[in-house]
Amino acid sequence: MTKDFSKLSKRTQLVHGGTRRSQYNEVSEAVFLTQGFVYDTAEQAEARFIKVGDDEFIYARYGNPTVRMFEDRISAYLGFEDGFACASGMAAVNGALTSLLKAGDHVVASRALFGSCLYVLQDVLGRFGVDVTFVDGTDNAAWDAALRPGTRLVFLESISNPTLEVIDLKYVCDAAHKVGALVLVDDAMATPVFSYAKACGADIAIVSTTKHVDGQGRMLGGIICGPKDLIRGPIEAYMKHTGGAMNPFAAWTHLKALETMELRVRAQATAALQVADTLAGHPKLNAVRYPTHKAHPQYELACAQAPFAGTVLTIDVKGGKEACFRFLNALETILISNNFADAKSIATHPATTTHQRLPQEQKDILGITPGLVRLSIGLEDPADIVADLLHALDKA
Ligand SMILES: *Cc1c(COP(=O)(O)O)cnc(C)c1O
């Protein structure tokens, strides 16, 4: 059975929350690598299919003790009643949207979205008759103009990937709730440690746990957190029948990773701010952006919402793609890759990789320039990261 750790501090909850011990009373969480569960009698099987009790399971696509430990620990940490763990962040985004929408529904979404989120909203939901209005998420008046009575749902990234636009989340939640819309926040960039989704009134937070929860480049995962009636209602029903559940080994890795998440993310966010501060004003750069650094155009809003804005900053290298590639190719410690939130620092060139397929006019609107580099700051000594960046900038 689970103990109630909800009165202890958040950091303690990351170590103990949701723990369910087996009959062996193990210290470290057990990994239940099992698809199914045995019933003592036919009557017990029948009863479980009528109603599943708290510590009862049927099939790993529906739920599993290790997965449930992870769901309980992370959803309570984020301030939500419950969560459904998914195979990836995109399984979570797709599952949350598809389970809550039907043909004819109206959705308002911010336009600065991760490419796969844009695909789900534009291509998938569009094909099934959902009407999606995209707005400049940083413009409160644009949200007001797009929301209408009967709008079913709002979808946004609290901090956009890769352009680090910040949304006034309290404002958007209030405006959405006035017309009866649910607010779904993709909280990947904000990080679970500095998340303000619940505090600002979001109904559902979706986290790609591939990012800061795993934090060490190993596992894909995602979680949909929200009120029990939605999570164990339409969301669980959709997820369990369509096969997007998290596997138990990923859940176990995630549980162990949660134990160190605060320490890792605080160190990485502190280093990201330090790197932004060191690079600001560098002669080879057009811009340096980190939302809680004073050079960001939305600095005050970002600081009002959280002390740190994640572990990612962007720089815009002068001299277009050629100079930018010279810079990237001169990096020695920082890796060229397309993920973020790893323990290893990573540089990404969105215009030619993650956002390559976006039409040029869309890139222009979003600010994905040929010189834009997304820098994910890892757990190395920040002095080494700064030295690597300065050396590579010399070569740009
Ligand atoms: C990475 C990411 C996702 C997708 O997560 P996966 O775990 O890779 O499926 C969704 N939204 C945002 C904002 C992301 O950064």
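Above this text you will find the structure in question.
Residues numbered from 1 in each chain as written. Predicted model: local features only at pLDDT ≥ 70, side-chain atom pairs only at ≥ 80, totals over all residues. Heavy atoms only, no water.

## Structural notes on a nonpolar patch on the surface
So the rule is basically this: Like-charged residues within 9 Å of one another, or nonpolar side chains (Val, Leu, Ile, Met, Phe, Trp, Tyr) within 5 Å, are grouped into patches, provided each residue has over 30% relative accessible area and no salt bridge. Calculation of accessible area relied on Shrake-Rupley with a 1.4 Å probe; when residues are assessed, cover is drawn exclusively from the protein chains displayed. Any Lys or Arg side-chain nitrogen found within 4 Å of a carboxyl oxygen on Asp or Glu counts as a salt bridge. Strands here mean DSSP runs of E at least two residues long; helices mean DSSP runs of H or I at least four residues long; both are numbered from the N terminus. When accessible area is computed with a 1.4 Å probe and restricted to protein chains, residues below 20% of their type maximum are described as buried, those above 50% as exposed, and intermediate ones as partly exposed.
Nonpolar side chains collect at one region of the surface, where Val31, Leu33 and Phe249 lie side by side and expose about 270 Å² of accessible area between them. The topology assignment puts phenylalanine 249 in helix H9 (residues 248–279). Assessed through its relative accessible area of 37%, phenylalanine 249 is described here as partly exposed.

## Focus: the site of the ligand
Selection rule: For each residue, the test is whether any non-hydrogen atom lies within 4 Å of the molecule or strand; if one does, the residue is near. By the criterion applied in these results, polar contacts are pairs of N or O atoms within 3.5 Å in which, for protein atoms, one can donate a hydrogen and the other can accept it, and in which residues neighboring in sequence qualify only through two side-chain atoms. Each residue gets one of three labels, nonpolar for Ala, Val, Leu, Ile, Met, Phe, Trp, Tyr, Cys and Pro, charged for Asp, Glu, Lys and Arg, and polar for the others, Gly among them.
Inspection of the region around the ligand gives 14 residues, with Gly89, Asp186, Ser208, Thr210 and Lys211 positioned closest. Taking asparagine 161, its side chain carries an N or O atom lying 3.1 Å from an oxygen atom of the ligand. One of the side-chain N or O atoms of threonine 210 is found 2.6 Å from an oxygen atom in the ligand. Protein chains bury 91% of the 380 Å² of accessible surface belonging to the ligand in isolation. When its residues are assigned to classes, the shell around the ligand shows five nonpolar, six polar and three charged.

## Things to note about the packing of aromatic side chains
Here is the rule we go by: Stacked, tilted and edge-to-face pairs are distinguished by plane angle, under 30 degrees for stacked and over 60 for edge-to-face with tilted covering the rest, among Phe, Tyr and Trp rings (Trp via its six-membered ring) whose centres lie within 6.5 Å. Charge-over-ring contacts are defined here by two conditions on Lys NZ or Arg CZ: a distance within 6 Å of the ring centre and an angle within 35 degrees of the ring normal.
For the structure on display, the rule yields four aromatic pairs. Judged by centre distance (5.4 Å) and plane angle (50°), the rings of phenylalanine 194 and phenylalanine 308 are tilted. Highlighted residues: phenylalanine 194 in the loop between strand S5 (182–186) and strand S6 (204–208) and phenylalanine 308 in the loop between helix H10 (299–305) and strand S9 (312–317), separated in sequence by 114 residues. Phenylalanine 308 carries the same exposure label as phenylalanine 194, and that label is buried. Taking NZ or CZ as reference, lysine 211 lies 5.4 Å from the ring centre of phenylalanine 114, over its face.

## Concerning the sheet that holds strand S8 (residues 285–289)
As a reminder, the rule being used: Here the rule is simple: two strands pair whenever DSSP picks up at least two bridges between them. The criterion used for residue contact is that any of the two residues' heavy atoms lie within 4.5 Å. For helices, the fitted axis covers only the stretch in contact; all axes are lines through C-alpha atoms, and the angles between them, taken along N-to-C directions, range from 0 to 180 degrees.
The sheet built from five strands is open, its strands ordered S8-S9-S12-S11-S10 with mixed pairing. The sheet terminates laterally at S8 and strand S10 (335–336), the two strands that pair on one side only. Note: S9 against strand S12 (residues 372–376), five bridges, orientation antiparallel. Within the sheet, the bridge partner assigned to leucine 313 lies in S12 and is leucine 375. Set on the sheet, H9 makes contact with S8 and S9; between it and S9 the angle comes to about 20°. The strands touched by helix H11 (residues 320–330) within the sheet are S9, S10, strand S11 (346–348) and S12, with S9 carrying the most contacts at an inclination of about 130°.

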